[in-house]
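Listed below are the residues making up each chain.
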Amino acid sequence: MNQQQIRIVPVFASDDQTWMRRAGIQAPRFWHGHPVAPALGDVLRVGGRQFVIQARVWEHDGELPVLKLFLGSSHAQSDTTFG
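First, a word on what this report is: a plain description of the structure on this page. (Residues numbered from 1 in each chain as written. Predicted model: local features only at pLDDT ≥ 70, side-chain atom pairs only at ≥ 80, totals over all residues. Heavy atoms only, no water.)

Our next topic: the side chain of serine 74. By the element assignment, serine 74 lies in the loop between strand S4 (65-71) and strand S5 (75-76). Using a relative accessible area of 15% as the deciding quantity, one classes serine 74 as buried. A polar contact is formed between the side chain of serine 74 and the side chain of arginine 49, at a distance of 3.3 Å. Residues contacting serine 74, with those up to four places away along its chain left out, are Asp16, Arg49, Gln50 and Phe51. (Helix = DSSP H or I, 4+ residues; strand = E, 2+ residues; numbered from the N terminus. Buried < 20%, exposed > 50% of the residue type's maximum accessible area, 1.4 Å probe, protein only. Polar contact = N/O pair within 3.5 Å; in protein donor to acceptor, adjacent residues only side chain to side chain. Contact = heavy atoms within 4.5 Å.)

For the structure on display, the rule yields two salt bridges. Between arginine 7 and aspartate 61 there is a salt bridge, and its shortest N-O distance comes to 3.2 Å. Residue arginine 7 is found in strand S1 (residues 7-11), and its partner aspartate 61 is found in the loop between strand S3 (49-60) and S4; the two are separated by 54 residues along the sequence. For arginine 7, a relative accessible area of 39% corresponds to the partly exposed category. Residue aspartate 61 is classed as partly exposed on the basis of its relative accessible area of 40%. With a closest N to O distance of 3.4 Å, lysine 68 and glutamate 59 form a salt bridge. The exposure class of lysine 68 is partly exposed, given its relative accessible area of 24%. On the accessibility criterion, glutamate 59 (38% relative accessible area) is partly exposed. (Salt bridge = Lys/Arg side-chain N within 4 Å of Asp/Glu carboxyl O.)

Moving on, we get to the nonpolar core. Formed by 13 residues in total, the largest nonpolar core has its most connected members in Ile8, Trp31, Phe51, Leu69 and Leu71. Those elements that place two or more of their residues in this core are helix H1 (14-23), strand S2 (43-46), S3 and S4. With three residues, S4 is the largest single contributor of residues to this core. (Core = buried A, V, L, I, M, F, W, Y, C linked by side-chain atoms within 4.5 Å.)

Geometry only, nothing functional implied.
Next up, the structure:
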């Protein structure tokens, strides 16, 4: 399926939605124009925090297929550990 024929909607946890609203952060359209949809485990960085895609749900809004991405709670860069 061509990426232009689906709508991808990230779904953030309520605490993260509040943080984004207060900080004036909007999630960019990460996959606009990309031929491959995101996969489970992919990581998004928004406003210096990272979010892991934990679930994908396909729906249809009457016009286009909709892929909802349910994201895990955010982690600030300083919370990230390697090793």
